[in-house]
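Structural overview
Residues per chain, in single letters:
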Amino acid sequence: MSHDRLLYVYAVTRPFAAELPAGTRGLDGAPPALIEHDGLCAAVSPVPAADFDAAPLRAHLEDMDWLAATARTHQSVIAALAEVTCPVPLRLATVCRDEEGVRRLLDSGRARFEPTIERLDGRIEWGVKVYADAPAPAPERASSAPELKVTTGRDYLRRRLGQRQSRDETWRRAGTLSRALHADLCERAEAGRLHQPQSGRLSGASGENVLNAAYLVPRERSDEFVAAVRERTPQVDGVRVELTGPWAPYSFAGGPEGGPDQEES
């Protein structure tokens, strides 16, 4: 491969014969290629070194628009793989210098990839989030009468205290629901995992994220799990439950945490 191109690796699977869903496109706009090596298979796309070599990649990872677009394509390829096989998703921006580098990556990770594929085969991930929505503040009442200034100040403090108490009560209800729901869903799933609450500024979701959890569910029990989430989601004022998925089992693929992988060769 030319030195101005690298290979972006999305996921590792067993070799498979099925075709990817129509319209599957990688970062280069073409269907991902498959590199097989000793019973494992990597889904890859050629990408420009000018974007994905170590130094430019560090700069790109500070660009939220570039990062979001790359992540969407990364996830879409893994979702397409999950329709026909059992992928082990790799971290965003895992790149190798060439095909030989991809083979080394498969060999070095074999002790993780093979048992992970065995454990995740036939399973999918569902996400459940619980949000506490702050009550809207009461509208202010303007008054220019001097004799009402003291009363207006007291009313303002009372309103602020009431808003704070209402917000605290919403958080209490959201916390109670989150604990009960997570305990119940863990019993219905093969595994459950708690993630850090998401920032509304980054996710775009309204309210404060109280629960951010993932659950590993056998594909054949997926409908049963979804029904259980909906049945056990009471209508609670100011509390919202969001079910997402099904996903490839990102949260249960294991492997080291951290930033992008850069395979040097």
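Residues numbered from 1 in each chain as written. Predicted model: local features only at pLDDT ≥ 70, side-chain atom pairs only at ≥ 80, totals over all residues. Heavy atoms only, no water.

1. Considering the sheet that holds strand β6 (residues 123-132)
- Pairing in this open sheet of four strands is antiparallel, and the strands run β7-β8-β6-β9 from one edge to the other. At either end of the open sheet lies a strand with only one pairing partner, and these are β7 (191-194) and β9 (239-247). Recorded for the sheet is a direction-independent mean angle of 20° between the axes of neighbouring strands.
- Bridging between β7 and strand β8 (residues 208-218) involves four bridges; their strand directions are antiparallel. Opposite R193, over in β8, you have A214 as the bridge partner.
- Strand contacts of helix α8 (residues 222-231): β6, β8 and β9, with the helix running at about 10° to β6, the strand carrying the most contacts. (Pairing = 2+ DSSP bridges. Helix = DSSP H or I, 4+ residues; strand = E, 2+ residues; numbered from the N terminus. Axes fitted to C-alpha atoms, helices over the stretch in contact; angles between N-to-C directions. Contact = heavy atoms within 4.5 Å.)

2. Notes on the pattern of salt bridges
- Applying the stated criterion across every chain yields a total of 14 salt bridges.
- With a shortest N-O distance of 3.1 Å, D107 and R110 are connected by a salt bridge.
- Here D107 falls in the partly exposed class, since its relative accessible area comes to 40%.
- The salt bridge involving D133 is made with R240; its shortest N-O contact spans 3.4 Å. Of this pair, D133 sits in the loop between β6 and α6 (149-188) while R240 sits in strand β9, and the two are 107 residues apart along the sequence.
- You can call D133 partly exposed: its relative accessible area is 24%.
- For R240, a relative accessible area of 25% translates into the label partly exposed. (Salt bridge = Lys/Arg side-chain N within 4 Å of Asp/Glu carboxyl O. Buried < 20%, exposed > 50% of the residue type's maximum accessible area, 1.4 Å probe, protein only.)

3. Here's the deal with the nonpolar core
- The biggest cluster of nonpolar side chains holds 21 residues, and the ones touching the most others in it are V9, V44, V102, L106 and F113.
- Where this core is concerned, the elements lending two or more residues are β1 (5-13), β3 (40-48), α4 (99-108), α5 (110-120) and β8. (Core = buried A, V, L, I, M, F, W, Y, C linked by side-chain atoms within 4.5 Å.)

4. Looking at unusual backbone geometry
- Cis geometry marks the peptide bond from G245 to P246; its omega dihedral reads 0°.
- By secondary structure assignment, the location of P246 is in strand β9.
- Unlike most non-glycine residues, D38 shows phi in positive territory, near 50°.
- Mapped onto the elements of the fold, D38 is located in the loop between β2 (33-37) and β3.
- Taking relative accessible area as the criterion, D38 reaches 58% and is therefore assigned exposed.
- Residue A93 is not a glycine yet carries a positive backbone phi of 65°.
- Considering the arrangement of structural elements, one finds A93 in the loop between β4 (88-89) and β5 (95-96).

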